[in-house]
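Take a look at the letters that make up each chain.
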Protein chains: 2
Amino acid sequence: MSQPSAPRKTPGRPARISREDIIETGRRIVTEEGVDRLTMRRLAKDIGSTPMALYHHVRDKEELLVLLLDDYATRTMHRPELPADPRERIVVAASAIHDVLAACPWIVEVLTADDLMSTSALWFVEQIVGGLMECGLNPERAVHAYRAIWYYTAGEIVVRTAAARRRAADERPTYREQVFAGLDPSEYPRLAQVADRWAPLTAEDTYVVQLRALVDGLLLTR
Amino acid sequence: MSQPSAPRKTPGRPARISREDIIETGRRIVTEEGVDRLTMRRLAKDIGSTPMALYHHVRDKEELLVLLLDDYATRTMHRPELPADPRERIVVAASAIHDVLAACPWIVEVLTADDLMSTSALWFVEQIVGGLMECGLNPERAVHAYRAIWYYTAGEIVVRTAAARRRAADERPTYREQVFAGLDPSEYPRLAQVADRWAPLTAEDTYVVQLRALVDGLLLTR
DNA sequence: GCTAGTTTTTATACATGTATAGAAACTTAG
DNA sequence: CTAAGTTTCTATACATGTATAAAAACTAGC
């Protein structure tokens with residue numbers, strides 16, 4: 001029998017940096033100077049290493065960003081008291097995920113990650129799926145319903161923060177504004193009717209209201 | 001009075017390439033060789049110009065991709081016969097947008113564009129907003145409801161195609177798979193219950209089903 | 001025709017992610 | 001100790017988007 005308690009060292013050159021070092025330094029750069037300043041060279045320099053050394057601990061920069069988001073979520077997502085009513089519990093849990101992610105500025109580069117759901121967010125997913133099943137959905141429908149909630153949430157965040165970024169970076173009127181300005185009322189009567197209110201209306205944050213509608217629709221017994 | 005019909009030339013060096021040239025050549029490269037092959041240098045070479053010359057006709061590469069998506073949508077989105085029932089019309093119009101975008105492989109790099117909605121897609125937006133109002137929503141609620149549909153649609157496409165790309169690029173098991181494999185059933189009973197079915201379930205295409213639920217929920221009179 | 005002004009194009013340069021090759025630093029077997 | 005094997009790190013190189021500065025090609029005013 002082998003002795004697993006022996007001070008067994010792994011062969012090979014000992015690592016001078018760890019994934020944790022990378023995440024920690026990366027977090028510092030991002031929080032202090034913004035995600036734009038996070039480059040592999042800068043990170044390597046701050047860590048006292050070389051750019052390519054990082055690649056032995058993370059697959060690429062996208063994985064690094066996912067890890068940083070994970071780290072951020074773990075530090076930020078504390079489990080709240082959830083309502084007893086399952087329908088309300090679904091809404092509150094989804095909103096909790098939404099709010100944490102929406103507050104994370106570098107989200108867009110990463111949110112396309114299907115498997116983003118970090119361990120810390122799993123508890124919320126559990127609550128949502130559990131709530132859906134408690135409301136009468138079978139497991140299959142509950143998973144599909146959860147996915148719909150996730151699609152809606154991710155889409156809201158991605159579209160909204162990308163739009164905000166674009167507004168900040170460019171003073172020119174958006175393409176959308178130009179299109180709406182030159183709208184032919186005879187061909188697009190409904191859009192022309194709301195054209196001047198479109199921008200303020202889409203700027204309003206109605207995430208929760210529409211989430212409620214989605215949940216209501218998902219729970220309809222048809 | 002000035003004579004606008006006179007052959008009035010603009011001052012300055014005459015352009016040798018046009019935005020249309022760029023879009024046309026870009027489309028050819030993308031369709032023939034894929035979006036990965038579309039680089040500013042390659043595009044310039046094919047067009048017989050230099051990379052930086054392109055930047056007088058498009059702001060940056062992202063705008064070029066938006067233009068290409070717009071071009072693609074214009075060529076692809078033909079107005080179908082829509083059902084008379086407004087609720088069904090909403091579903092069919094949204095599905096039409098979804099299907100066209102989902103079939104576009106380079107979508108993810110661009111779909112974060114809030115103002116992506118090209119002129120050719122506006123007709124579908126008109127149908128959706130019109131259908132919502134016909135179902136009794138006032139203009140404000142109709143716009144918000146349309147946005148919810150758009151968030152859901154964009155989120156579905158972004159998350160799904162990004163996941164597909166990641167699977168294609170990497171043979172390793174995803175992070176999500178690892179997390180689900182090591183799930184503690186006592187802490188996450190619902191997730192553990194569906195853990196082995198999660199991957200096939202999320203692979204199913206239930207866009208339309210969940211869209212119907214969303215529309216139903218948005219139209220509930222509460 | 002010449003000059004000034006305007007627009008487009010070109011040349012050059014830089015920052016960035018990352019592929020590749022090999023050197024360095026360790027463990028283990030003999 | 002030496003040799004082989006393994007892992008990590010370093011140096012170099014390349015592709016890419018794009019900033020900057022200057023040259024080129026035109027029109028309009030004189």
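Definitions and limits used
Residues numbered from 1 in each chain as written. Chains lettered and ligands numbered in written order. Predicted model: local features only at pLDDT ≥ 70, side-chain atom pairs only at ≥ 80, totals over all residues. Heavy atoms only, no water. Salt bridge = Lys/Arg side-chain N within 4 Å of Asp/Glu carboxyl O. Helix = DSSP H or I, 4+ residues; strand = E, 2+ residues; numbered from the N terminus. Buried < 20%, exposed > 50% of the residue type's maximum accessible area, 1.4 Å probe, protein only. Near = heavy atom within 4 Å. Polar contact = N/O pair within 3.5 Å; in protein donor to acceptor, adjacent residues only side chain to side chain. Nonpolar A, V, L, I, M, F, W, Y, C, P; charged D, E, K, R; others polar. UniProt positions renumbered as here; feature names shortened; annotations may be inferred. Contact = heavy atoms within 4.5 Å.

Draft legend 1. Up close: the pattern of salt bridges. In this structure the tally under the stated criterion is 30 salt bridges over all chains. Between Arg 75 of chain A and Asp 71 of chain A there is a salt bridge, with its nearest N and O atoms 3.2 Å apart. Highlighted residues: Arg 75 of chain A and Asp 71 of chain A, both in helix H4 (residues 61-76), separated by four residues, approximately one helical turn. The exposure class assigned to Arg 75 of chain A is partly exposed, which follows from its relative accessible area of 48%. Asp 71 of chain A gets classed as buried once you look at its relative accessible area, which sits at 16%. Between Asp 216 of chain B and Arg 87 of chain B there is a salt bridge; the shortest N-O distance is 2.7 Å.

Draft legend 2. View of the protein's contact with DNA strand D. Near DNA strand D you find 28 residues, and of these Gly 12 and Arg 16 of chain A together with Met 40, Arg 41 and Lys 61 of chain B are the closest. The sugar-phosphate share of atoms of DNA strand D within 4 Å of the protein amounts to 56%. In this structure, a phosphate oxygen belonging to DNA strand D sits 3.0 Å away from a side-chain N or O atom of Thr 50 of chain A. Here a phosphate oxygen of DNA strand D and a side-chain polar atom of Lys 61 of chain B are 2.6 Å apart.

Draft legend 3. Spotlight on the protein's contact with DNA strand C. Near DNA strand C there are 28 residues, and of these Arg 41 and Lys 61 of chain A together with Gly 12, Arg 16 and His 56 of chain B occur at the shortest range. Protein-adjacent atoms of DNA strand C, using a 4 Å cutoff, are sugar or phosphate at a proportion of 56%. Interatomic distance of 3.2 Å between a backbone N/O atom of Gly 12 of chain A and a base oxygen of DNA strand C. Tyr 55 of chain A places a polar side-chain atom, nitrogen or oxygen, 2.9 Å from a phosphate oxygen of DNA strand C. Of all the elements in the fold, those that place two or more residues in the surface near DNA strand C are helix H2 (40-47) of chain A together with helix H3 (51-54) of chain B. Here the surface near DNA strand C is built from residues that sort into 12 nonpolar, eight polar and eight charged.

Draft legend 4. Structural detail: the UniProt feature "domain: HTH tetR-type" (unreviewed entry) in chain A. UniProt feature "domain: HTH tetR-type" (unreviewed entry): in the numbering of this structure it lies at residues 16-76 of chain A. Taken as a whole, residues 16-76 of chain A contains 70% helix and 0% strand, while its terminal C-alpha atoms sit 29 Å from one another.

Draft legend 5. Region of interest: the environment of Ile 107 of chain A. Residue and element names in this part refer to chain A. Secondary-structure assignment places Ile 107 in the loop between helix H5 (86-102) and helix H6 (119-134). Here the alpha-carbon distance between Ile 107 and Glu 32, two residues 75 residues apart in the chain, equals 16 Å. Here Ile 107 is in contact with Leu 69, Leu 101, Ile 157 and Thr 161, once residues within four sequence places are set aside.

Draft legend 6. Fine view of the environment of Ala 53 of chain A. Residues and elements named next belong to chain A. Examined against the element boundaries, Ala 53 turns out to sit in helix H3 (residues 51-54). On the basis of relative accessible area, Ala 53 is assigned to the partly exposed category, the value being 22%. Taking the C-alpha atoms as reference, Ala 53 lies 27 Å from Cys 104; in sequence the two are 51 residues apart.

Draft legend 7. View of the environment of Thr 206 of chain A. Turning to its location among the elements, Thr 206 of chain A is positioned in the loop between helix H9 (189-203) and helix H10 (207-219). When the C-alpha positions of Thr 206 of chain A and Ile 97 of chain A are compared, they lie 15 Å apart, and in sequence the two are 109 residues distant. Leaving out residues up to four positions away in the same chain, Thr 206 of chain A has contacts with Tyr 152 of chain A together with His 144 of chain B.

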